[in-house]
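Commentary on secondary and tertiary structure
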Amino acid sequence: MTQARANWSPAIETGLPAIDAQHKALFDMAASFRGEGDQIRVMKTLSMLSEYANTHLRDEEAMLAAIAYPKLAEHRLLHQQFRRMLRDLLDASRKLTLDEIADRIEDLINGWFYQHILTADAEYVDAVKASRTAPGTA
Ligand SMILES: [Fe+2]
Ligand SMILES: [Fe+2]
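Note that the structure is predicted; figures quoted are calculated from it, not measured.

Considering the overall build of the protein chain
A tally of regular secondary structure across the protein chain gives 4 helices and 0 strands. Element order for the protein chain, N to C, with α for helix and β for strand: α-α-α-α. Over its C-alpha atoms the protein chain spans a radius of gyration of 16 Å, differing by no more than 12% from the 14 Å that the globule rule assigns to 138 residues. Expressed along its principal axes, the backbone C-alpha trace of the protein chain runs to roughly 55 × 25 × 25 Å. Split into buried and exposed, the 138 residues of the protein chain put 40% on the buried side. Taking all contacts inside the protein chain whose residues are at least 6 apart in sequence as the whole, residues at least 24 apart take part in 74%. Total accessible area on the protein chain stands at roughly 7,700 Å², and carbon and sulfur atoms take up 55% of it. Positive and negative side-chain charges in the protein chain, numbering 16 and 20 respectively, have mean positions lying 4 Å apart.

Structural notes on the pattern of salt bridges
Enumeration over the complete set of coordinates arrives at 11 salt bridges. Between Arg34 and Asp103 there is a salt bridge, with the nearest N and O atoms lying 2.9 Å from each other. Of this pair, Arg34 sits in the loop between α1 (17-31) and α2 (39-66) while Asp103 sits in helix α4 (residues 98-133), and the two are 69 residues apart along the sequence. Between Glu123 and Lys71 there is a salt bridge, with its nearest N and O atoms 2.5 Å apart.

Structural notes on the coordination of the iron ion (ligand 1)
Six octahedral donors around a metal ideally sit at 90 or 180 degrees from one another, while four tetrahedral donors ideally sit at 109.5 degrees. The iron ion (ligand 1) binds to the protein through Glu60 (OE), His75 (NE2), His79 (NE2), His116 (NE2) and Asp121 (OD); the donor distances cover 2.0 to 2.3 Å. Mapped onto the sequence, the donors of the iron ion (ligand 1) take the spacing E-x14-H-x3-H-x36-H-x4-D. Between the iron ion (ligand 1) and the iron ion (ligand 2) the interatomic distance amounts to 3.5 Å, and Glu60 serves as a bridging ligand to the pair. With His79 in helix α3 (residues 72-92) and Asp121 in helix α4, this residue pair connects regions lying 42 residues apart in the sequence. The pair formed by His79 and Asp121 is uniform in burial state, with each residue classed as buried.

Here we look at the coordination of the iron ion (ligand 2)
Surrounding the iron ion (ligand 2) are the protein donor atoms His23 (NE2), His56 (NE2), Glu60 (OE) and Asp121 (OD), which sit 2.0 to 2.2 Å from the metal. The sequence pattern formed by the donor residues of the iron ion (ligand 2) is H-x32-H-x3-E-x60-D.

Some thoughts on the packing of aromatic side chains
For the structure shown, the criterion picks out 5 aromatic pairs. Arranged with centres 6.3 Å apart and planes meeting at 80°, the rings of Phe27 and Tyr114 form a pair that is edge-to-face. Here the residue Phe27 occupies a position in helix α1, and Tyr114 occupies one in helix α4, the gap between them amounting to 87 residues. Each member of the pair, Phe27 together with Tyr114, is buried. Ring centres of Tyr69 and Tyr124 lie 6.3 Å apart, and the angle between their planes is 85°; this geometry places the pair in the edge-to-face category. Highlighted residues: Tyr69 in the loop between α2 and α3 and Tyr124 in helix α4, separated in sequence by 55 residues. Tyr124 matches Tyr69 in its accessibility class, with the two residues each being buried.

Details of unusual backbone geometry
Unlike most non-glycine residues, Ala68 shows phi in positive territory, near 50°. With respect to the element layout, Ala68 can be found in the loop between α2 and α3. With relative accessibility at 62%, the residue Ala68 sits in the exposed group.

Rules and cut-offs
Residues numbered from 1 in each chain as written. Chains lettered and ligands numbered in written order. Predicted model: local features only at pLDDT ≥ 70, side-chain atom pairs only at ≥ 80, totals over all residues. Heavy atoms only, no water. Helix = DSSP H or I, 4+ residues; strand = E, 2+ residues; numbered from the N terminus. Rg over C-alpha atoms; globule rule 2.2 N^0.38 Å. Buried < 20%, exposed > 50% of the residue type's maximum accessible area, 1.4 Å probe, protein only. Contact = heavy atoms within 4.5 Å. Areas by Shrake-Rupley, 256 points an atom, 1.4 Å probe, with all protein chains shown as cover. Lys, Arg positive; Asp, Glu negative; His and termini not counted. Charge placed at Lys NZ, Arg CZ, Asp CG, Glu CD. Salt bridge = Lys/Arg side-chain N within 4 Å of Asp/Glu carboxyl O. Donors = N, O, S within 2.8 Å, 3.2 Å for Na, K, Ca; no water. Phe/Tyr/Trp six-rings, centres within 6.5 Å; stacked < 30°, edge-to-face > 60°.

See below:
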């Protein structure tokens, strides 16, 4: 799987602070893999990134469920794809070199995840913001 890769930039901000903070944290974690020479530390970072990513996907799905987002099922399927790719990487990581792991992380975060934020995540932003300004809601 090869996609265009890009670093985090304000271009992918949603304007929802909690979501943006989680997105950015994942890019920061991904960037910490390059030039890392210690297998144990890389494995620890990888499992931290994976846990953090899963927390983000769960939080985002809960937020979308709370506003009865019409495309939630579709969005969940995309997240499932991402979870599967992360799990595959975790499973394969013992047999990979550190450079290979860094490459796969870049594919996932700077490739897939970046594109996901730009497309699928960007699509829910108006619905979430509308629900927050709707009369009678906090
Ligand atoms: Fe998402
Ligand atoms: Fe997201």
